[in-house]
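Coordinate analysis (summary)
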Amino acid sequence: MTMQFETAAGMTRGLNTHIARDIARKILSGELASGAILPSEIELGEQFGVSRTALREALKLLTSKGLLESRPKIGTRIKERAQWNMLDPQLLEWMQGMEATEEIYHQFLEFRKAIEPHATALAAVNASKEQRIELSRIYRQMCHVAENFDAEQWVEIDTKFHRMIFIASGNCFYVPFGNVLTTIFKWFFEYSSKEGGMCLNEHKRIYEAIMAGDEGAAFSASLSLMKGHKHRLTEP
């Protein structure tokens, strides 16, 4: 089985990361299927034009993210998707710009339904004065972008709005989601806001509930945003 990889020859820094990223993107996109066996270290080293040391470091990095496993007499095998660490920040960064599938969008929306309404309710109760001021600034900017719609600007400000909710929750386990999921939020919003879809009224209800400190209303408004719209997704 022949696999074509980008050459890393001539690079002097971050060589193992470059190799890992290239292999990871092929796995994440499905170009390299789960269960497939990678070429030998000698073959991969020749394809990348790198030493076995750099290659082994790259494979070790991918193994730590749940993408690969090595077995004696078998080689390095791509693990099943269920074992991939999809919340790894570096893995999410490597996914940047990849064409996501409808299945991934559906799964992300279901994940958001499970955690974001709770984070929004907590934000209504726990958000500091400074965080409420920042949320107000972000919401005003959302209104401005909506009035003078620009898809790229909307994705940026919509991502900031939802990230701020997780940060304002005051829960040390929710806060990291606001940072880690930023990349996926952007992909999702780029898809769901195509042709001007913004759900500004729904965002307004979330904003007003948080500012009023109404925990129940905040939860309901957040859940309504995700349940009341299909976000341009087809039925699963």
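Residues numbered from 1 in each chain as written. Predicted model: local features only at pLDDT ≥ 70, side-chain atom pairs only at ≥ 80, totals over all residues. Heavy atoms only, no water.

**Things to note about the environment of V180**
Following the sequence through the fold, V180 ends up in helix α8 (residues 175-180). Here the alpha-carbon distance between V180 and D88, two residues 92 residues apart in the chain, equals 7.6 Å. (Helix = DSSP H or I, 4+ residues; strand = E, 2+ residues; numbered from the N terminus.)

**Some points on helix α11 (residues 215-227)**
An ideal rise of 1.5 Å per residue puts 18 Å on 13 residues; α11 measures up with 18 Å between its terminal C-alpha atoms. If you check which residues of α11 are buried, you get A218, A221, S222, L223, L225 and M226. (Expected span 1.5 Å × (residues − 1). Buried < 20%, exposed > 50% of the residue type's maximum accessible area, 1.4 Å probe, protein only.)

**Examining the nonpolar core**
If you look at the biggest cluster of nonpolar residues, it comprises 63 residues, and the most contacted ones within it are I19, I23, I27, L62, L67, L68 and F161. Of all the elements, helix α7 (residues 151-168) adds the most residues to this core, at 8 residues. When near neighbours in sequence (up to four residues on either side) are disregarded, L62 contacts A20, I23, A24, L67, L68 and W94. (Core = buried A, V, L, I, M, F, W, Y, C linked by side-chain atoms within 4.5 Å. Contact = heavy atoms within 4.5 Å.)

**Comments concerning the packing of helix α10 (residues 200-212) against α11**
Remark: α10 packs on α11, axes separated minimally by 8 Å, with the N-to-C direction vectors making an angle of 165 degrees. Relative to α11, the element α10 is oriented roughly antiparallel. The crossing of α10 and α11 is left-handed. In this structure, α10 uses E202, H203, R205, I206, A209 and I210 to contact α11, whose residues at the interface are A217, A218, A221, S222 and L225. (Axes fitted to C-alpha atoms, helices over the stretch in contact; angles between N-to-C directions. Parallel < 35°, antiparallel > 145°, perpendicular 65-115°, else oblique. Left-handed = near helix turned anticlockwise from the far one by under 90°.)

**Concerning the side chain of R132**
Tracing the backbone shows R132 in helix α6 (residues 129-147). Buried and unpaired, R132 has no salt bridge, with E130 as the nearest side chain of opposite charge at 8.8 Å. In this structure, R132 is in contact with A123, A124, V125, A127, I210, M211 and G213, ignoring residues within four places of it in sequence. (Lys, Arg positive; Asp, Glu negative; His and termini not counted. Salt bridge = Lys/Arg side-chain N within 4 Å of Asp/Glu carboxyl O.)

**Notes on the environment of D88**
Inspection of the secondary structure puts D88 in the loop between β2 (75-78) and α4 (89-94). Sequence-wise, D88 and L181 are 93 residues apart; in three dimensions their C-alpha atoms are separated by 9.6 Å. Reaching out from D88, the side chain makes a polar contact with the backbone nitrogen of Q90 at a distance of 3.0 Å. Among the polar contacts made by the side chain of D88, one reaches the main-chain amide nitrogen of L91 at a distance of 2.9 Å. (Polar contact = N/O pair within 3.5 Å; in protein donor to acceptor, adjacent residues only side chain to side chain.)

**Notes on the pairing of β2**
Here strand β1 (residues 68-71) runs beside β2; their pairing, made up of 4 bridges, is antiparallel. Of the residues in β2, the one forming a bridge with E69 is R77. The antiparallel pairing of β1 with β2 creates a hairpin that spans 3 residues between the two strands, and K73 there sits at a positive phi of about 70 degrees. (Pairing = 2+ DSSP bridges.)

**A few points about unusual backbone geometry**
Negative phi values dominate among residues other than glycine, just as trans dominates among peptide bonds. Here K73, not a glycine, exhibits a phi torsion of approximately 70 degrees, which is positive. By the secondary structure assignment, K73 is in the loop between β1 and β2. Owing to a relative accessible area of 90%, K73 belongs among the exposed residues under this scheme.

**Brief notes about the packing of α7 against α10**
One can describe the packing of α7 onto α10 by two numbers: an axis separation of 12 Å at closest approach and a directional angle of 30 degrees. In terms of orientation, α7 and α10 fall into the roughly parallel class. Between α7 and α10 lies a crossing of left-handed hand. Between α7 and α10, the residues in contact are W154, D158, F161, H162 and I165 and L200, H203, I206, Y207 and I210, respectively. When its residues are assigned to classes, the contact of α7 with α10 shows 7 nonpolar, 2 polar and 1 charged. (Nonpolar A, V, L, I, M, F, W, Y, C, P; charged D, E, K, R; others polar.)

**Comments concerning the confidence of the model for the chain**
For the chain, the mean per-residue pLDDT works out to 85, and 85% of the residues sit at or above 70. pLDDT under 50 marks residues 7-13. Its contacts with residues more than four places away, or in other chains, come to 10 contacts. (pLDDT = per-residue confidence, 0-100.)

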